[in-house]
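Survey of secondary and tertiary structure
Each chain, letter by letter, is given below.
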Amino acid sequence: MAPHSRHSNKMLLSPVLAFVCLFFLFSSTALAASAVIGVDLGTEYIKAALVKPGIPLEIVLTKDSRRKEMSAVAFKPSKNIKSGDFPERVYGSDAIALSARFPGDVYPNLKRVLGLGVDNSVVKEYASRHPALKLEADKTRGTAAFRSGAFPADEEAWMVEEILAMELQSIQKNAEAMAGKDSVIKDLVVTIPPFYTAQEKRAVELAAKLAGLRLLELVSDGLAVGLNYATSRTFPSINEGGKPEYHMVFDMGAGSTKATILKFQGRTVKDVGKFTKTIQEVQVLGSGWDRTLGGDALNAVILDDMIIQFVASPKAKSLSPTIEAVQGHGRAAAKLLKEAEKLRQVLSANANTQASFEGLYEDIDFKYKISRADFEKMTEAYAARIGVAVQKALDMANMDVKDLDSVILHGGAIRTPFVQKALEKIVGTSNKIRSNVNSDEAAVFGAGFRGAGLSPSFRVKEIRAFEGAAYAAGIKWTNIHEKPQHQRLWQSTSFLGAEKQYAFKNQKEFTIDFYQHIPSSENVSPGSAEKELLTLTSQNLTESVSRLKDKFGCTDGDINVRLTTRLSPVNGEVEIIKFIVDCEVDVSEEKESMVDSVKGLFGFGKKDQVPLAEDAGETETVSESTSTTETSTSSSSTSTSTPPTSSSASAKESKDAKDTKPKQTKRLEVIPLKYTTEMKGLPQIPTAEIKRMKDRLQSFDDADRSKRLREESLNQLEGFTYKVRDLLDKPEFIGASTEEERASLESKSKAASDWIYSGGADASREELKAKLKEMKDTVTRIEFRMEEAATRPEKIKALQDALSQTKQVIAGITEQIHNDTKAHESFSSSKSAAASATTTAAPTSNEFEGLEDEEATETTSAPIEEETMGPQVYTKEDLVKPQAQYDTISKWLAEKLAEQEKLSETADPVLLTKDLTAKSKELTDMHVDLIMKSMKQPYKSKRPTPKPKKKAKKTSTKKAKGSKTGSAEKAEKTLGFTEDGMPSFKIGEDGEMPTEEEIMAWIEKSKAENAAADPKAQNEGYYAGDQGVPDDELPMTDEVKKDEEKVEKHDEL
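Source: prediction; values computed, not measured.

Here we come to the nonpolar core. In terms of nonpolar packing, the biggest core is built from 64 residues, with Val-39, Phe-75 and Leu-168 touching the most fellow members. In this structure Phe-75 touches Pro-87, Glu-88, Arg-89, Asp-105, Tyr-107, Ser-148, Ala-150, Phe-151, Trp-158, Met-166 and Phe-700, once residues within four positions along its chain are discounted. If you look at the next biggest cluster of nonpolar residues, it comprises 47 residues, including Leu-285, Ile-302, Ala-316 and Ile-386.

As structure tokens, this is what we get:
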């Protein structure tokens, strides 16, 4: 057992084995988490692109096979609202279609109100456009939340982040369905507007967290379009004299307008080893925006005009409705808003359009007409705001319009004619206005590409993206003199990920407040423009300063607190890289360090140390108290005297060492500081509250799954009623069923169909499954009879053939056992006779002994093997179990056939096809076991041969060579037949077994040779050896013939 244990330990400790295990572990993990989705989080539409091995970069289709989904979620109220129940939930265009019926439970375009308080003007405007929604402030943070009428009154309001999480989960499910079975997608990259503040970004992160997704990065819309633009282009390297390209991405969507100045260039950087490579870079130089200028704002212009004209219409004057009354009417507002968007889109291609409404308000019909000229006149003020957003981006990038190479258009609202006219007026020419990217999908493709670049599972074109901060940021603290300080660390043009360092003189515990400068024009939240992001509080600064002063003698002027931080490239949040306190201290170079002591211990010494003479016994020591070098001389009784020159030199060096002072140097003593951080801004949601929201979303998913399964059960039941009607008309089904069974099925099918259409459609899944089971049990039993009757004859014949083959095999092996027994008896008797004759023969001398030409020591002959006969292949015990199986199965088949013949076609069968197949397999497995037993026996010629004559002690060179050749042939693996016709192989001297491929190739070859030698055996389809044919009638293979010839030659010698 000990050697085995050592071997096991070696296996476990093998680095190769450990590497293989780690490879499979990490490769399986990487495959499980290799898929990534990029999400373009638009105001009106939400799109996603999937990146997965085998799926390079494709748009995730909706359930309706659309390439984009409307950003809307709807709760469809049920008739009876119960506590704990969840309503039906729909997404996208299906949700918008319900806005006229359930305006208070459809939530569209929520992106605009993410992270904003209910007192924000943007949120108030949203509420005015959707008057049926029950908007309220979240109890924890004061942000927007909605209470739905589809839930009981005591149900908690739904935060905007929760509803957005539902949309992300819907995209995740669509992506997983597209990726294939058992695919799990957890990673995503999301596009956001460049004007999103830290609070709005945190809202997106919270939505992804609630959805159970891992956010890899938030990328701005303009940068995402730029990445997509760069994937199909190569820019010249600036290291080789190439000039960068400057482009502006103008993105006008449903909710806002953004202008982003991008710089595209190539750069040559160091690669592996001494090689270099050229990469592409995309840098955000500046951004400008208008938070409220978009397609929704233009729709609102048409909506307001429609309400004005409706109020002024002759039919409406009878009721004298006010504009506020119509705006506050949920159903009327939803209809008008939905139609306003259609009218705007039509005006992009047509000069005139119209819309009609039946029963718009208080059963009053309304017809509205509008022309493109009227629309452009109403939106003149909006056209002027386009230039403001563009100029803001140019100012931030410190550029002029003429410096731009092109303006890349993106977004749905850019198709509006006056928008493109305004851009041409700003740029000065239409030649720079480009539509060379997909205006709807460039951002989502860029986000998907960015996700693939961030994931270690993919290798993509190396494009380095540099995101801009968009807002300035800095720190505030109280200095050592108790005065408030303020320092701007990042500008609006700073890149995310760039580290910033700052030094403080504080020596007691203090706090550092990080802020983001949001201009008041953004109207994000009231109060100061410097919105706090994070507060850092030191914990061991006082203790660390005391240590520096006491141990190293540092003064107040030498002590510095240093902070290294950056804006995270993932979400733009402040990250603390390093927080330390340091001081420069004096260090003596003559002071021996620990490393020098260890070197001296092992005899290495310092670099400037003089090697000792062979008879020298002096040692050098350093004293920390006096910092002087003393030399002492000692000698042993066995050492010789030192030469005078050496002694005088040593004395001189000792004197110089006493006069020389140690050299002083500066060293920085660093102590890491402990600290705590606290998120600022909107109050953080407690962990318990986040868990409650996750559990509620999970319960909603479970309810949706239950509804889906119930609908599947309803469809199965309804479909099965039609199937029963078809089966009752089929002759095969009628022949296998009784009159009572058909009558019962017909009545159950009719009752189930009537029940479904009379209110059963709303029944529970359990009721539907019970109704289905009543009919399915009967139909399954009858179909089982039909299938058994159709396949039974074939299975019976297969079993009978197997029994016949088994009988033949048993007979053949019985005959072989008999022949083997006789052969062994004959061989034993002949061997005994030969042994007795050898003992009586007198020894003879060789008169030619010693006359060989060559020395006897050159070659040696192998010892003569004693003639033996191989063991029997089969014994009588090998046939006990096969014979018992044969008898048992034969009896079972006869009894079952008799029972089955007595039954009618409408009765359940007793002889089943599965039992017939199992019995046939038992016999087949037994055949294989018997054949494999014969294959395991080595080939041994059974023909007895006389004992070879005694050879000379000395052999010639030819004999030596022949012996060598013979041993080489002997070491080879051989395959052949025994004289009884059984296959066998011989193992080589190296112990190597024939492979499975070699055995199968040999079997096929032997079959072909036997078939060619014996046409009769070929026609009968089995080997003669299996039937107990005598050995002299067997067709011999080439190898057997060669063995026979060797034996005959041996006999002649």
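Read on, since the account is not over.
What follows is about the packing of helix α6 (residues 198-210) against helix α19 (residues 687-727). Across the interface, α6 lies against α19 with an axial gap of 10 Å and an inter-helix angle of 55°. On the basis of their axis angle, the class for α6 and α19 is oblique. For the pair α6 and α19, contact is made by Leu-206, Lys-209 and Leu-210 and by Ile-690, Met-693, Lys-694 and Leu-697, respectively.

If you trace the three strands from one edge of the open sheet to the other, you get β6-β5-β7, paired in antiparallel fashion. Strand pairing shows two members of the sheet lacking a second neighbour, β6 (88-91) and β7 (106-108), which therefore form its edges. Going across the sheet, the axis of each strand differs from the next one's by a mean of 15°, ignoring polarity. As paired strands, strand β5 (residues 72-76) and β7 are joined by three bridges and run antiparallel to one another. For Val-73, the partnering residue across the bridge sits in β7 and is Tyr-107. Along the sheet, helix α5 (residues 160-179) contacts β5, β6 and β7; its crossing angle with β5, the most-contacted strand, is approximately 100°.

Next up on the list: empty space enclosed by the protein. Under the defined criterion, the tally for this structure stands at six cavities of 30 Å³ or more. The calculated volume of the largest cavity comes to roughly 170 Å³. Around the largest cavity, the lining is made up of 23 residues, and of these Pro-194, Ser-220, Glu-467, Gly-468 and Ala-470 lie nearest the centre. Looking at the lining of the largest cavity, the elements that each hand over two or more residues are β12 (214-220) and β15 (276-290). Per element, the largest residue contribution to the lining of the largest cavity is four residues, and it comes from β15.

Using the criterion set out here, one finds 28 aromatic pairs in the structure. Here the aromatic rings of Phe-151 and Phe-700 are separated by 5.9 Å at their centres, their planes lie at 85°, and the arrangement is edge-to-face. Here Phe-700 lies in helix α19 and Phe-151 lies in the loop between β9 (144-147) and β10 (158-159), a separation of 549 residues in the sequence. On the basis of relative accessible area, Phe-151 is assigned to the buried category, the value being 5%. Seen in terms of ring centroids, Phe-310 and Phe-366 are 5.4 Å apart; in terms of plane orientation they differ by 85°. Their pairing is edge-to-face. Note that Phe-310 is positioned in helix α8 (residues 295-312) and Phe-366 in strand β17 (residues 364-371), a separation of 56 residues in sequence. Under the relative-accessibility criterion, Phe-310 is labelled buried at 1%. Using a relative accessible area of 6% as the deciding quantity, one classes Phe-366 as buried. Ring pairs connect the aromatic residues Phe-75, Phe-86, Tyr-107, Tyr-126, Phe-146, Phe-151, Trp-158 and Phe-700, which therefore count as one cluster. The ring of Trp-289 carries the charged tip of Lys-392 above its face, separated from the ring centre by 3.7 Å.

Here we take up the pattern of salt bridges. Taken as a whole and judged by the stated rule, the model has 44 salt bridges. A salt bridge links Asp-702 to Arg-705; the nearest nitrogen and oxygen atoms lie 2.8 Å apart. With Asp-702 and Arg-705 both in helix α19, this residue pair falls three residues apart, about one helical turn. Relative accessible area serves as the criterion here: at 32%, Asp-702 is assigned to the partly exposed category. Each of Arg-89, Lys-173, Asp-701 and Asp-704 takes part in salt bridges that share partners, so that together they form one network.

Moving on, we come to the environment of Ser-699. With respect to the helices and strands, Ser-699 occurs in helix α19. For Ser-699, a relative accessible area of 31% translates into the label partly exposed. Sequence separation between Ser-699 and Phe-86 is 613 residues; the distance between their C-alpha atoms is 8.2 Å.

As a packed pair, α5 and α19 sit with axes 11 Å apart at the nearest point and diverge in direction by 50°. The orientation of α5 with respect to α19, classified from their angle, is oblique. For the element pair α5 and α19, the recorded crossing hand is right-handed. Contacts between α5 and α19 involve Glu-162, Ala-165, Met-166, Gln-169 and Lys-173 from the first element and Met-693, Arg-696, Leu-697, Phe-700 and Asp-701 from the second. Of the residues belonging to the contact of α5 with α19, the class tally is five nonpolar, one polar and four charged.

This next bit is on the state of the cysteines. In total, this model carries one disulfide according to the counting rule given. Paired through a disulfide, Cys-554 and Cys-583 show a sulfur-sulfur distance of 2.1 Å. Between Cys-554 and Cys-583, the S-S dihedral sits near -115°, and the bridge is therefore left-handed. Within this pair, whereas Cys-554 is found in the loop between α16 (541-552) and β26 (560-567), its partner Cys-583 is found in strand β27 (residues 574-588), the two being separated by 29 residues in sequence. Across the pair, Cys-583 and Cys-554 agree in class, each one buried.

What follows concerns the pairing of β17. Taken together, the seven bridges between strand β16 (residues 352-361) and β17 define a ladder with antiparallel strand orientation. If you follow Tyr-361 over to β17, its bridge partner there is Ile-364. Hairpin connection of β16 to β17: two residues between the antiparallel strands, including Glu-362 at a positive phi of 55°.

With that settled, consider the sheet that holds strand β24 (residues 511-517). Each strand in a sheet pairs with its neighbour through backbone hydrogen bonds, running either in the same direction (parallel) or in the opposite one (antiparallel). What the five strands build is an open sheet, ordered β22-β21-β24-β25-β31; its pairing is antiparallel. For this open sheet the edge positions go to β22 (484-490) and β31 (675-679), each flanked by a neighbour on one side alone. This sheet shows a mean twist of 25° between the axes of neighbouring strands, independent of strand direction. As defined by bridge partners, strand β21 (residues 473-478) adjoins β24 across five bridges and the pair is classed as antiparallel. Looking at β24, one finds that Trp-477 is bridged to Ile-512.

What follows deals with the environment of Thr-806. Residue placement: Thr-806 occurs in helix α22 (residues 765-840). Given the relative accessible area of 0%, Thr-806 is considered buried. For the pair Thr-806 and Gln-883, spaced 77 residues apart in sequence, the C-alpha to C-alpha distance is 8.6 Å. Here Thr-806 is in contact with Tyr-886, Leu-923, Met-926 and His-927, once residues within four sequence places are set aside. A distance of 2.8 Å separates a polar atom in the side chain of Thr-806 from a polar atom in the side chain of His-927.

Time to look at the environment of Pro-244. Assignment of secondary structure puts Pro-244 in the loop between α7 (221-231) and β13 (245-252). Taking C-alpha positions, Pro-244 is 9.7 Å from Glu-281, a pair spaced 37 residues apart along the chain. Apart from the residues within four sequence positions on either side, Pro-244 is in contact with Ile-238, Lys-263, Phe-264, Gln-265 and Asp-405.

Right, let's talk about the side chain of Arg-742 for a bit. On the secondary structure map, Arg-742 appears in helix α21 (residues 739-757). Polar side-chain contacts of Arg-742 include one of 2.8 Å to the backbone oxygen of Ser-737. For Arg-742, the contacting residues outside a window of four places in its chain are Leu-728, Ile-734 and Ser-737.

Once that is clear, we can look at helix α4 (residues 121-129). Within α4, the full set of buried residues consists of Val-122, Val-123 and Tyr-126. Taken down its axis, α4 places every buried residue within 100° of arc, on the same side.

Once that is clear, we can look at unusual backbone geometry. At Asn-109, a residue that is not glycine, the phi angle is positive and equals roughly 50°. As for its position among the elements, Asn-109 is in the loop between β7 and α4. At Glu-482, a position not held by glycine, the phi torsion is positive, near 65°. With respect to the helices, strands and loops of the structure, Glu-482 is situated in the loop between β21 and β22.

Calculation criteria
In every chain, residue numbers begin from 1 and rise along the written sequence. pLDDT decides what is reported in this predicted model: residues at 70 or higher carry local features, side-chain atom pairs at 80 or more are listed and counted, and totals for whole chains, interfaces and linings draw on all residues regardless. With hydrogens and water set aside, each side-chain value is computed from the structure's full complement of heavy atoms. Among the buried residues, those of types Ala, Val, Leu, Ile, Met, Phe, Trp, Tyr and Cys that are joined through side-chain atoms within 4.5 Å form a nonpolar core. Accessible area is worked out with a 1.4 Å probe on protein chains only. A residue is then buried under 20% of its type maximum, exposed over 50%, and partly exposed in between. Contacts are residue-level and defined by heavy atoms, with any inter-residue pair within 4.5 Å sufficient. Orientation is described by axes fitted as lines to C-alpha atoms, over the contacting stretch for helices, and by angles from 0 to 180 degrees between their N-to-C directions. For the purposes of this entry, the term helix denotes a DSSP run of H or I that reaches at least four residues, the term strand denotes a run of E that reaches at least two, and both are numbered from the N terminus. Small angles under 35 degrees read as roughly parallel and large ones over 145 as roughly antiparallel, with 65 to 115 read as roughly perpendicular and the rest as oblique. At least two DSSP bridges between two strands are needed for those strands to be called paired. Buriedness for pockets is judged along seven lines, at least five of which must meet protein on both sides within 12 Å for an open set on the 1 Å grid over protein atoms alone, while cavities are sets there where a 1.4 Å probe fits but cannot get out, and lining residues have an atom within 4 Å of a point. Grid points are joined across faces, edges and corners, and a volume is the space filled by probe spheres set on the points. Here a pair means two rings of Phe, Tyr or Trp (six-membered ring of Trp) with centres within 6.5 Å. Their orientation is stacked below 30 degrees between planes, edge-to-face above 60, and tilted elsewhere. Geometrically, a charge over a ring is one whose NZ (Lys) or CZ (Arg) sits within 6 Å of the ring centre while staying within 35 degrees of the ring normal. Between Lys or Arg on one side and Asp or Glu on the other, a salt bridge is scored when a side-chain nitrogen of the former is within 4 Å of a carboxyl oxygen of the latter. By definition, any crossing whose near helix is turned counterclockwise from its far helix by less than a right angle is left-handed, and any crossing with a clockwise turn is right-handed. Here the nonpolar group is Ala, Val, Leu, Ile, Met, Phe, Trp, Tyr, Cys and Pro; Asp, Glu, Lys and Arg are the charged ones; every other residue, Gly included, is treated as polar. Disulfides are defined in this document as cysteine sulfur pairs within 2.5 Å. Whenever a nitrogen or oxygen atom comes within 3.5 Å of another N or O atom, the pair is scored as a polar contact, on the condition that within protein one atom can donate a hydrogen and the other can accept it, and that pairs from neighbouring residues in sequence are kept only if both atoms are in side chains. Picture the helix axis, draw a direction to every C-beta atom, and the arc is the one those directions span.

As far as function goes, none of this settles anything; it's purely spatial.
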